[in-house]
Amino acid sequence: MMMDFYEMTMSYGYFHQPNRDVRVAFDLFFRSVPDKGGYAIFAGLQHVIEFVENISFSDADIAYFRKQNLFSEEFLDFLRGFRFRGDIYAMPEGTIIYPNEPLLTIVAPIIDAQLVETAILAQINHQSLVATKASRIVRAAEGRKVADFGARRAHNMDAATYGARAAYIGGIDMTATVSAGQQFNIPVSGTMAHSWVMFFKDEYTAFKQYAEIYPQATVLLVDTYDVLHSGIPNAIRIAHEVLAPQGHRLAGVRVDSGDLAYLSKRIRKMLDKAGLEDCKIILSNSLDEFTISSLLLQGARVDSFGVGERLITAKSDPVFGAVYKLVAVEENGIFQPRIKMSENVEKLTNPGLKDLYRIYDRHGKAVADMIAVQGEPVDLTQPFRYVDPRKPWKNRFFEGGSAVNLRRLYVRDGERVEELPPLEEIRAYVRRQLAEEIWPEEQRFENPHRHYLDTTPNYYELKMGLLEEVRGKHS
């Protein structure tokens, strides 16, 4: 039932067509990287596949549709027995992605392909957005630990749970969201809130009670009253008077307000002077990649960050913008391409069934992506001519290196045919691509290098020919 109602009205219309089981292809792609970044991360595929494997309509669902007084009993009977009968081609989850390339393609009977649209977009849009934001934040932290603190600011409980999963794919180290820790085996973290400190008669007593319960992992929140004149002095007392006699060290202090750069530098001096050089400093409070970069430029003394609402809501650019467009219709056993034209050039679609290759140089760096007609051979053992759609008049070649087809068949006739990797492997895959394959220039926050999306000459001719044909019919 996670759908836009137009999916039902269109499906009912298709149901009355003589070719209602005709197979079609829809591509899912996005048009621009959030925050004007150089790349994004593909996330949410696991839940797309789980959705299509289990989609069905209950008696209560059928009764709801009957109340709309729009659909025949024959169509409602069809829904009662509905199961997804299509194929899904997609990139592996965690792949570094760029605008206007097919991340996922559904090939299915038209009704099946239509009914899953919104659910698929919701999963991919949300998780890809948060994974991409998390990657930027982790990169800004320059090797320091990052924890997700965002659950209470998420748009709902599912957004908190799946957002934590996506953030882990993007590189965060742990989450405070217990449901995500339980479901996805993400390391969880959490210490105390200001309410703990306020509950006791004074700050020292609150710290002492906590340290006695968790002597092996005492992290104290020091900004409830006064960081430098109360919080840190009391934390130092706890380290010497409560933890040291038990053979333990103060693990860390957290600051959640104030001038974080200034406070962290003062705190580091106070802790070091007290012999607590190993005590970690954790900063939180409305952080994102921009504030973290600023803190580090100011010389903040920080060992890890807790990042909340600006991560889980991707506050600075909260829309990923993936769309789902028809690209081909089967006629007499052959998929005929379809193209969407628009007043806006950026909304022009890439028609037809296609393959997507990532082109690597001899050193394993990704230099471009390239769209090819599905099944078209791509051989880089000799100079391979390609077309830059922005400069199609230039004669250009890929020489040396390699071409890797990025997409795989994950679902055939509604059944999973490729096992999905565990979350740790997806996370490691992201990290490896960013470290080894993706140019540092594409990972800049300001004016990142644009990753090229080229085409084979065959695909470019197909697209231009279809444009001419459609323009002739509708001019």
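Residues numbered from 1 in each chain as written. Predicted model: local features only at pLDDT ≥ 70, side-chain atom pairs only at ≥ 80, totals over all residues. Heavy atoms only, no water.

Asker: Tell me what's going on with the overall build of the chain, and back it up with residues and numbers.
Answerer: The secondary structure content of the chain amounts to 16 helices and 21 strands. Residue burial in the chain is summarised as follows: out of 475 residues, 52% are buried. Contacts spanning at least 24 positions in sequence make up 73% of the contacts within the chain whose residues lie at least 6 apart. Accessible surface, the chain: about 22,000 Å² in total, of which carbon and sulfur atoms supply 50%. Charge separation in the chain, taken as the distance between the mean sites of 56 positive and 63 negative side-chain charges, equals 5 Å. (Helix = DSSP H or I, 4+ residues; strand = E, 2+ residues; numbered from the N terminus. Buried < 20%, exposed > 50% of the residue type's maximum accessible area, 1.4 Å probe, protein only. Contact = heavy atoms within 4.5 Å. Areas by Shrake-Rupley, 256 points an atom, 1.4 Å probe, with all protein chains shown as cover. Lys, Arg positive; Asp, Glu negative; His and termini not counted. Charge placed at Lys NZ, Arg CZ, Asp CG, Glu CD.)

Asker: So, the domain arrangement of the chain: which residues are in play, and what are the values?
Answerer: Domain parsing of the chain yields domain 1 (5–131 + 318–473) and domain 2 (132–313). Between the C-alpha centres of domain 1 and domain 2 there is a distance of 39 Å. Counting residues at the interface gives 27 residues for domain 1 and 27 residues for domain 2. Between domain 1 and domain 2, a total of about 2,300 Å² is buried, with carbon and sulfur atoms accounting for 54% of that surface. Broken down residue by residue, the surface that domain 1 buries against domain 2 is led by Leu423, Arg427 and Phe445, which jointly contribute 32%. Run the count over domain 1 and domain 2 and you get four salt bridges. Across the salt bridge formed by Lys133 and Asp35, the nearest N and O atoms sit 3.3 Å from each other. If you list the elements that add at least two residues to the side of domain 1 that touches domain 2, you get strand 2 (40–41), helix 2 (45–54), helix 6 (117–141) and helix 15 (423–437). In the side of domain 1 that touches domain 2, the residues fall into 14 nonpolar, eight polar and five charged. (Domains from an automatic or database assignment. Buried area = accessible area lost by both parts, 1.4 Å probe. Salt bridge = Lys/Arg side-chain N within 4 Å of Asp/Glu carboxyl O. Nonpolar A, V, L, I, M, F, W, Y, C, P; charged D, E, K, R; others polar.)

Asker: Any chance you could break down the sheet that holds strand 11 (residues 304–307) for me, citing the residues and the numbers?
Answerer: Taken in spatial order, the six strands line up as 7-6-11-10-9-8 in an open sheet, and their pairing is parallel. The open sheet has two edge strands with one neighbour each: strand 7 (174–175) and strand 8 (219–221). The sheet contact formed by strand 6 (residues 145–148) and strand 11 spans four bridges and is parallel. In the sheet register, Lys145 faces strand 11, and the bridge partner there is Ser304. Helix 12 (residues 260–273) contacts strand 9 (252–255) and strand 10 (280–283) of the sheet and is inclined by roughly 165 degrees relative to strand 10. (Pairing = 2+ DSSP bridges. Axes fitted to C-alpha atoms, helices over the stretch in contact; angles between N-to-C directions.)

Asker: Describe in detail the pairing of strand 5 (residues 104–109), supporting the description with residues and values.
Answerer: Of all six residues in strand 5, six are buried; the element is thus mostly enclosed. Two elements, strand 1 (residues 23–29) and strand 5, share six bridges in a ladder whose sense is antiparallel. Bridging across to strand 5, Asp27 finds its partner in Thr105. Both strand 3 (residues 87–90) and strand 5 contribute to a ladder of four bridges, which runs antiparallel. Paired with Ile88 across the bridge in strand 5 is Ile106.

Asker: Before we move on, can you summarise the sheet that holds strand 13 (residues 334–337) with the specific residues and values?
Answerer: Pairing in this open sheet of seven strands is antiparallel, and the strands run 13-12-1-5-3-19-20 from one edge to the other. The outermost strands of the open sheet, each flanked by one partner alone, are strand 13 and strand 20 (415–416). Here strand 19 (residues 408–412) runs beside strand 20; their pairing, made up of two bridges, is antiparallel. Of the residues in strand 20, the one forming a bridge with Val411 is Arg416.

Asker: Lay out a positive patch on the surface in plain terms, naming residues and giving numbers.
Answerer: On the surface, a cluster of positive charge is made up of Arg390, Lys391, Lys394 and Arg450. Position of Lys394 among the secondary structure elements: in the loop between strand 16 (384–386) and strand 17 (396–398). Since its relative accessible area comes to 38%, Lys394 is described here as partly exposed. (Patch = residues over 30% accessible without salt bridge, like charges linked within 9 Å, V, L, I, M, F, W, Y side chains within 5 Å.)

Asker: Tell me what's going on with the environment of Ile339, and back it up with residues and numbers.
Answerer: Secondary-structure assignment places Ile339 in the loop between strand 13 and strand 14 (354–360). Taking the relative accessible area as the measure of exposure, Ile339 reaches 14% and is therefore buried. Spatially, the C-alpha atoms of Ile339 and Ala159 are 34 Å apart, while their sequence positions differ by 180 residues. Ignoring any residue separated from it by four or fewer positions in sequence, one finds Ile339 in contact with Leu348, Thr349, Pro351, Lys463, Leu466, Leu467 and Val470.

Asker: Hey, could you go over the UniProt feature "domain: Nicotinate phosphoribosyltransferase C-terminal" (unreviewed entry) in the chain for me, with residue numbers and the actual values?
Answerer: Taking the UniProt record as the reference, the feature "domain: Nicotinate phosphoribosyltransferase C-terminal" (unreviewed entry) is found at residues 354–463. For residues 354–463, the helix share is 20%, the strand share is 33%, and the end-to-end C-alpha distance is 11 Å. (UniProt positions renumbered as here; feature names shortened; annotations may be inferred.)

Asker: An account of the pairing of strand 11 is requested, with residue identities and associated values reported.
Answerer: Covered by surrounding structure in strand 11 are Ser304 and Gly306 together with Phe305 and Val307, the residues of both alternating faces. Two strands pair when backbone bridges link them, and strand 10 and strand 11 are joined in this way by two bridges, in the parallel orientation. Within the sheet, the bridge partner assigned to Ile282 lies in strand 11 and is Ser304.

Asker: A description of the packing of helix 6 against helix 13 (residues 289–297) should follow, citing residues and the corresponding values.
Answerer: Interhelical geometry of helix 6 versus helix 13 gives an angle of 0 degrees and a closest axis separation of 8 Å. When the axes of helix 6 and helix 13 are compared, the pair comes out roughly parallel. Residues Lys133, Arg136, Ile137, Ala140 and Ala141 of helix 6 pack against Glu289, Phe290, Ile292, Ser293 and Leu296 of helix 13. Here the residues of the contact of helix 6 with helix 13 are counted per class, giving six nonpolar, one polar and three charged. (Parallel < 35°, antiparallel > 145°, perpendicular 65-115°, else oblique.)

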